[in-house]
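Secondary and tertiary structure notes
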Amino acid sequence: MGEVKLIATTQSLFCTRVEWALKLKGVEYEFIEEEDLRNKSPLLLKYNPVHKKVPLLLHHGKPIAESLVILEYIEETWKENPLLPQDPYERALARFWAQFLGDKCVFGAWEAAHKAEGEEKTKAIESAQESLAFLEKQIAGKKYFGGEEIGFLDIVAGWIPHWLSVMEEVGGMKLLEAEKFPLLHEWAHNFIQIPLIRECIPPREKLLDYFNASISYMRSLATNKQ
Amino acid sequence: MAEEVKLFRNWAGPFALRVVWALQLKGVPYDTIYEDLSEKSSLLLHYNPIHKKVPVLVHNGKPLAESLVILEYIEETWKQTPLFPEDPYERSTARFWARFGDDQLMPSVFNVFIKQGKEQEEAIARAQGDLKYLEEELRGKKFFSGEKIGFLDLAFGWVANLVSVFEEIQGLTLIEHEKYPLLLAWIQNFIDAPIIKESWPPRDKLITKYRARIEFYSSKEAAKK
């Protein structure tokens, strides 16, 4: 269906989402690695002038930015293996939860990770766990969020099995406790076993280095403010 | 088939207005339940336990929250008067700008009217930079969606609805005529459009309501120093 390029970094969970969607639909694409986000390439700056962020999909030279927008575009352009449910109400629920997962959950977990020990950190952990509790309810009675097969919401929640566990390690915290969230825990385990999913995730070491560096930086900013 | 569509909303809420406009444009009959957000009804809490916010659309007993998600649902359920473009690339562009509007433009505009001194100057510079993207998007078009009002116009409706209210309250012009002629023309065209006009909340009530809000947030900002 024509030339597809993905400008991305290997460690970004937002980028991997897009790769999963492309692979699930059997779309051939060229992965263009954005090496250093502190020194952005002319390509990225040209095609995503508004946010200057990855992931950025280029289809026939036309750019699409924002991971959830990209996922919808992929769904509408390549019709095989639909990711979203057929029924409009189910689709709306998937979109609602995707937004929730994309916003509240990811940044909530990140917030909890980078706070130093103390009251703020405890509060952030509680808040992040409230979000996980909603997800636990959503997965009840299903193998995947998409049902028997993975779908849109599994892809959007897909940061949880790998990235969250790294955030937990660098952040010195435990969010996805198996006793508290048995169903989500099981889903995470099933999801990450899928070969196509597994082959796109960045090596744990690389992710640990990346998050450790980010957290040190953010904590130093916080101490400098005082 | 008896269809039941209910909309839980706040009379001033810009997000709810999007849903109202979409339903009216498609000629979908619905009932409105006004919520006083200082005392949320148990029905609202039942339908939207996660965010506890309005608007909430309930279609045949099934609730949906988040106005942009609701707009997509309305589009897929009632096919008359399509609001989204047909082409997937144009749809993705519309979705991108709608998110930009909510996630970036809205806070940056609000900051202009609640911050003071140097912070306000910075907020103005930021908001004006963001507004420039809208000005550019309107090049060669009457509405963001083309010849007729569509999804993106509804998503940006708060710009037409609220910015001039904030400007009047604070005595400050953000959308200057020399800088944003197309945006101002769009605002006028949007306000004058028949269906949009009918649902416009009364301006004097908006001023009263937002004056209190702005004062509240401004004093919070001032107290931070």
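Being a predicted model, the structure only gives us computed values, none of them experimental. (Residues numbered from 1 in each chain as written. Chains lettered and ligands numbered in written order. Predicted model: local features only at pLDDT ≥ 70, side-chain atom pairs only at ≥ 80, totals over all residues. Heavy atoms only, no water.)

**Section: the side chain of S199 of chain B**
Residue and element names in this part refer to chain B.
- By secondary structure assignment, the location of S199 is in the loop between α9 (194-198) and α10 (203-223).
- Classification of S199 by relative accessible area gives buried; the value is 13%.
- A polar contact is formed between the side chain of S199 and the side chain of Q24, at a distance of 3.0 Å.
- Excluding anything up to four places from it in sequence, S199 contacts L17, V20, W21 and Q24. (Helix = DSSP H or I, 4+ residues; strand = E, 2+ residues; numbered from the N terminus. Buried < 20%, exposed > 50% of the residue type's maximum accessible area, 1.4 Å probe, protein only. Polar contact = N/O pair within 3.5 Å; in protein donor to acceptor, adjacent residues only side chain to side chain. Contact = heavy atoms within 4.5 Å.)

**Remarks on the pattern of salt bridges**
- Counted by the stated rule, this structure contains 27 salt bridges over all chains.
- Between D36 of chain A and R38 of chain A there is a salt bridge, with its nearest N and O atoms 3.5 Å apart.
- Looking at D36 of chain A, the relative accessible area reads 29%, which means it is partly exposed.
- On the basis of relative accessible area, R38 of chain A is assigned to the exposed category, the value being 80%.
- The partner of E176 of chain B in a salt bridge is K179 of chain B, and the shortest N-O contact between them spans 3.1 Å.
- Within the structure, one salt-bridge network assembled from shared partners comprises E72, E76, R91 and R95 of chain A together with E72, E76, R91 and R95 of chain B. (Salt bridge = Lys/Arg side-chain N within 4 Å of Asp/Glu carboxyl O.)

**A word on the sheet that holds strand β1 (residues 4-8) of chain A**
Residue and element names in this part refer to chain A.
- Pairing is mixed in the open sheet, where 4 strands are placed in the order β2-β1-β3-β4. Of all strands in the sheet, those bounded by a partner on one side alone are β2 (30-33) and β4 (62-65). Here the average twist between neighbouring strands, direction ignored, is 25°.
- Bridge count between strand β3 (residues 56-59) and β4: 4 bridges; the pairing is antiparallel. Along β4, the bridge assignment pairs L57 with I64. (Pairing = 2+ DSSP bridges. Axes fitted to C-alpha atoms, helices over the stretch in contact; angles between N-to-C directions.)

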